[in-house]
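# Architecture and fold: a report
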Amino acid sequence: MAKTQHSPHFKVYDEYYTPKSAWTNVKKSIPTDKIIWEACMLNAELSESDKYLTELGCKVIADRTMDCLETQPKEWDIIITNIPFDKKKKVPILEKFVEYDKPFMVIMNSMNTFSKYFHRIFKGKEQYLQIITPSSHINFQKEENGVVKQTAKCSFYSVYVCYKLNLPPEQLWIDSKYL
(Lines give C-alpha, C1' and ligand atoms only; values in the text may rest on other atoms or scores of the structure.)
Protein backbone atom coordinates (compact mmCIF):
# COMPACT_ATOMS: atom_id res chain seq x y z
CA MET A 1 0.00 0.00 0.00
CA ALA A 2 1.41 3.39 -0.94
CA LYS A 3 1.79 6.09 1.68
CA THR A 4 0.71 9.67 1.08
CA GLN A 5 4.24 11.02 1.53
CA HIS A 6 5.37 8.87 -1.42
CA SER A 7 2.77 10.38 -3.74
CA PRO A 8 3.48 13.41 -5.89
CA HIS A 9 2.56 16.70 -4.26
CA PHE A 10 0.04 18.81 -6.05
CA LYS A 11 -0.53 22.49 -5.53
CA VAL A 12 -3.89 23.20 -3.87
CA TYR A 13 -6.03 25.19 -6.26
CA ASP A 14 -9.05 26.88 -4.66
CA GLU A 15 -10.42 28.57 -7.76
CA TYR A 16 -13.05 25.96 -8.50
CA TYR A 17 -16.67 27.01 -8.57
CA THR A 18 -19.89 25.24 -7.71
CA PRO A 19 -21.99 24.25 -10.72
CA LYS A 20 -25.73 24.82 -10.58
CA SER A 21 -26.22 21.04 -10.72
CA ALA A 22 -24.57 20.67 -7.29
CA TRP A 23 -27.33 22.78 -5.72
CA THR A 24 -30.10 21.36 -7.93
CA ASN A 25 -29.30 17.87 -6.64
CA VAL A 26 -29.97 18.90 -3.03
CA LYS A 27 -32.80 21.35 -3.74
CA LYS A 28 -35.30 19.39 -1.61
CA SER A 29 -32.90 19.65 1.36
CA ILE A 30 -32.50 23.44 1.09
CA PRO A 31 -35.15 25.38 3.02
CA THR A 32 -36.51 28.15 0.78
CA ASP A 33 -38.29 29.89 3.68
CA LYS A 34 -34.97 30.78 5.35
CA ILE A 35 -32.37 33.44 4.63
CA ILE A 36 -29.33 31.69 3.17
CA TRP A 37 -25.84 33.08 3.60
CA GLU A 38 -23.47 31.97 0.84
CA ALA A 39 -20.53 32.53 3.18
CA CYS A 40 -17.47 31.56 1.10
CA MET A 41 -17.71 34.23 -1.58
CA LEU A 42 -14.76 36.42 -0.53
CA ASN A 43 -13.09 37.61 -3.76
CA ALA A 44 -15.01 34.96 -5.74
CA GLU A 45 -15.94 37.34 -8.54
CA LEU A 46 -16.53 34.54 -11.04
CA SER A 47 -18.68 32.36 -8.76
CA GLU A 48 -22.38 32.15 -9.57
CA SER A 49 -23.31 30.03 -6.57
CA ASP A 50 -25.49 32.78 -5.09
CA LYS A 51 -27.25 33.20 -8.44
CA TYR A 52 -27.91 29.45 -8.70
CA LEU A 53 -29.36 29.31 -5.18
CA THR A 54 -31.58 32.30 -5.96
CA GLU A 55 -32.80 30.56 -9.13
CA LEU A 56 -33.83 27.62 -6.93
CA GLY A 57 -36.15 29.94 -5.00
CA CYS A 58 -33.89 30.84 -2.09
CA LYS A 59 -33.39 34.24 -0.50
CA VAL A 60 -29.59 34.56 -0.59
CA ILE A 61 -27.08 36.92 0.99
CA ALA A 62 -23.66 36.89 -0.68
CA ASP A 63 -20.96 39.50 -0.22
CA ARG A 64 -17.71 39.09 -2.15
CA THR A 65 -15.95 41.50 0.23
CA MET A 66 -17.00 39.74 3.46
CA ASP A 67 -14.57 37.42 5.25
CA CYS A 68 -16.77 34.86 7.01
CA LEU A 69 -14.11 34.47 9.71
CA GLU A 70 -14.29 38.15 10.59
CA THR A 71 -17.92 39.15 10.15
CA GLN A 72 -21.37 37.90 9.29
CA PRO A 73 -24.54 39.42 7.85
CA LYS A 74 -26.92 41.05 10.32
CA GLU A 75 -29.66 38.56 9.53
CA TRP A 76 -29.32 35.02 8.22
CA ASP A 77 -30.69 31.57 9.07
CA ILE A 78 -28.51 29.00 7.33
CA ILE A 79 -25.14 28.82 5.58
CA ILE A 80 -24.99 27.02 2.25
CA THR A 81 -21.61 27.08 0.52
CA ASN A 82 -18.80 25.24 -1.17
CA ILE A 83 -16.02 25.47 1.40
CA PRO A 84 -12.38 26.04 0.26
CA PHE A 85 -10.35 22.94 -0.50
CA ASP A 86 -7.19 24.22 1.24
CA LYS A 87 -6.99 22.80 4.78
CA LYS A 88 -5.51 26.05 6.14
CA LYS A 89 -8.68 27.86 5.05
CA LYS A 90 -11.20 25.05 5.53
CA VAL A 91 -10.48 24.19 9.18
CA PRO A 92 -10.96 27.70 10.65
CA ILE A 93 -14.08 28.18 8.50
CA LEU A 94 -15.63 24.93 9.74
CA GLU A 95 -14.73 25.87 13.32
CA LYS A 96 -16.39 29.27 12.86
CA PHE A 97 -19.53 27.74 11.34
CA VAL A 98 -19.89 25.36 14.30
CA GLU A 99 -19.24 28.31 16.65
CA TYR A 100 -22.15 30.19 15.03
CA ASP A 101 -24.26 27.17 16.06
CA LYS A 102 -26.72 27.70 13.23
CA PRO A 103 -27.61 25.23 10.46
CA PHE A 104 -25.23 24.85 7.56
CA MET A 105 -24.61 22.77 4.45
CA VAL A 106 -21.11 22.74 2.95
CA ILE A 107 -19.72 20.83 0.01
CA MET A 108 -16.47 19.08 0.91
CA ASN A 109 -14.18 16.34 -0.34
CA SER A 110 -15.58 13.15 1.20
CA MET A 111 -12.15 12.22 2.60
CA ASN A 112 -12.42 15.14 5.04
CA THR A 113 -14.91 13.16 7.08
CA PHE A 114 -12.12 10.73 8.02
CA SER A 115 -9.70 13.42 9.23
CA LYS A 116 -8.69 14.10 12.82
CA TYR A 117 -9.61 17.77 12.50
CA PHE A 118 -13.12 16.92 11.27
CA HIS A 119 -13.68 14.65 14.27
CA ARG A 120 -12.23 17.26 16.63
CA ILE A 121 -14.45 20.04 15.26
CA PHE A 122 -17.66 18.01 15.57
CA LYS A 123 -16.81 16.17 18.81
CA GLY A 124 -19.77 16.40 21.17
CA LYS A 125 -22.01 17.67 18.36
CA GLU A 126 -22.33 14.43 16.39
CA GLN A 127 -26.10 14.38 16.89
CA TYR A 128 -26.36 17.50 14.68
CA LEU A 129 -24.16 16.15 11.90
CA GLN A 130 -25.50 14.58 8.70
CA ILE A 131 -23.82 13.74 5.40
CA ILE A 132 -25.62 13.86 2.06
CA THR A 133 -23.92 11.42 -0.29
CA PRO A 134 -24.34 11.89 -4.06
CA SER A 135 -24.27 8.87 -6.35
CA SER A 136 -21.46 10.35 -8.46
CA HIS A 137 -18.77 13.01 -8.56
CA ILE A 138 -19.53 16.71 -8.49
CA ASN A 139 -17.68 18.11 -11.48
CA PHE A 140 -16.77 21.65 -10.54
CA GLN A 141 -16.22 24.67 -12.74
CA LYS A 142 -12.74 26.16 -13.16
CA GLU A 143 -11.47 29.50 -14.40
CA GLU A 144 -9.19 29.25 -17.42
CA ASN A 145 -7.94 32.44 -19.07
CA GLY A 146 -10.74 34.50 -17.55
CA VAL A 147 -13.51 32.10 -18.59
CA VAL A 148 -15.31 29.70 -16.25
CA LYS A 149 -15.56 26.24 -17.80
CA GLN A 150 -17.15 23.02 -16.65
CA THR A 151 -14.62 20.35 -15.66
CA ALA A 152 -15.05 16.64 -16.28
CA LYS A 153 -13.98 13.61 -14.28
CA CYS A 154 -13.28 15.19 -10.90
CA SER A 155 -10.55 13.19 -9.16
CA PHE A 156 -12.38 12.97 -5.81
CA TYR A 157 -15.86 12.46 -4.44
CA SER A 158 -17.62 15.26 -2.61
CA VAL A 159 -20.33 15.17 0.02
CA TYR A 160 -22.62 17.74 1.57
CA VAL A 161 -21.81 18.07 5.26
CA CYS A 162 -24.92 19.26 7.07
CA TYR A 163 -25.19 20.62 10.58
CA LYS A 164 -28.47 21.11 12.44
CA LEU A 165 -30.61 20.59 9.32
CA ASN A 166 -32.52 17.58 10.70
CA LEU A 167 -32.95 16.03 7.28
CA PRO A 168 -35.04 12.88 6.85
CA PRO A 169 -32.99 9.76 6.03
CA GLU A 170 -34.29 9.56 2.46
CA GLN A 171 -32.57 12.88 1.68
CA LEU A 172 -29.12 11.63 2.71
CA TRP A 173 -28.58 9.52 -0.44
CA ILE A 174 -29.19 11.34 -3.69
CA ASP A 175 -29.29 10.30 -7.30
CA SER A 176 -26.87 12.73 -8.91
CA LYS A 177 -28.72 13.01 -12.19
CA TYR A 178 -27.60 16.60 -12.76
CA LEU A 179 -23.86 16.26 -12.12
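See above for the structure.
Described below are features of the structure shown in this document. (Residues numbered from 1 in each chain as written. Predicted model: local features only at pLDDT ≥ 70, side-chain atom pairs only at ≥ 80, totals over all residues. Heavy atoms only, no water.)

Looking only at helices and strands, the protein has four helices and ten strands in total. Along the protein, from the amino end to the carboxyl end, the secondary structure elements read β-α-β-α-β-β-α-β-α-β-β-β-β-β. Classification of the 179 residues of the protein by burial places 45% in the buried group. Nonlocal contacts in the protein, meaning residues at least 24 apart in sequence, comprise 74% of its contacts between residues at least 6 apart. Summed over all atoms, the accessible surface of the protein reaches about 10400 Å², with 52% contributed by carbon and sulfur. (Helix = DSSP H or I, 4+ residues; strand = E, 2+ residues; numbered from the N terminus. Buried < 20%, exposed > 50% of the residue type's maximum accessible area, 1.4 Å probe, protein only. Contact = heavy atoms within 4.5 Å. Areas by Shrake-Rupley, 256 points an atom, 1.4 Å probe, with all protein chains shown as cover.)

Turning our attention to the pairing of strand β5 (residues 104-109). On a regular strand, one side chain projects to one face of the sheet and the next to the other, so that they alternate. For β5, the buried fraction is high: six of the six residues fall into the buried class. Bridging between strand β4 (residues 78-82) and β5 involves four bridges; their strand directions are parallel. Following the sheet pairing, Ile-80 is matched in β5 by Met-105. Between β4 and its parallel partner β5, the chain crosses via helix α3 (residues 87-100), and the hand of that crossover is right-handed. Note that β5 and strand β9 (residues 158-163) share six bridges and pair antiparallel. When the sheet's bridge partners are listed, Phe-104 is paired in β9 with Tyr-163. (Pairing = 2+ DSSP bridges. Right-handed = clockwise from strand over helix to strand, strands pointing away.)

Right, let's talk about the environment of Lys-164 for a bit. Secondary-structure assignment places Lys-164 in the loop between β9 and β10 (173-174). Assessed through its relative accessible area of 22%, Lys-164 is described here as partly exposed. On a C-alpha basis, the gap between Lys-164 and Leu-129 in space is 6.6 Å, while along the polypeptide they are 35 residues apart. If we ignore the near neighbours within four places in the chain, the residues touching Lys-164 are Asp-101, Pro-103 and Tyr-128. Engagement of the side chain of Lys-164 in a polar contact is seen with the side chain of Asp-101, the distance being 2.9 Å. (Polar contact = N/O pair within 3.5 Å; in protein donor to acceptor, adjacent residues only side chain to side chain.)

Let us look at the sheet that holds β10. Taken in spatial order, the seven strands line up as β3-β2-β4-β5-β9-β6-β10 in an open sheet, and their pairing is mixed. Looking at which strands have only one partner, the edges of the open sheet turn out to be β3 (59-61) and β10. By the bridge criterion, two bridges tie strand β6 (residues 129-134) to β10 in an arrangement that is parallel. For Pro-134, the partnering residue across the bridge sits in β10 and is Ile-174. Strands in contact with α3 are β2 (35-37), β4, β5 and β9; relative to β5, the strand with the most contacts, it is inclined by about 160°. (Axes fitted to C-alpha atoms, helices over the stretch in contact; angles between N-to-C directions.)

Summed over all chains, the structure comprises six salt bridges. A salt bridge links Arg-64 to Asp-50, with the shortest nitrogen-to-oxygen separation between them at 3.1 Å. Of this pair, Arg-64 sits in the loop between β3 and β4 while Asp-50 sits in helix α2 (residues 49-55); the two residues are 14 residues apart in sequence, bridging distant segments of the chain. Each member of the pair, Arg-64 together with Asp-50, is buried. (Salt bridge = Lys/Arg side-chain N within 4 Å of Asp/Glu carboxyl O.)

The sheet built from three strands is open, its strands ordered β1-β7-β8 with antiparallel pairing. Two strands lie at the open edges of the sheet, namely β1 (16-17) and β8 (147-150), each paired on one side alone. Relative to strand β7 (residues 141-144), β1 is paired through two bridges, and the arrangement is antiparallel. Note that in β7 the partner of Tyr-16 across the bridge is Lys-142.

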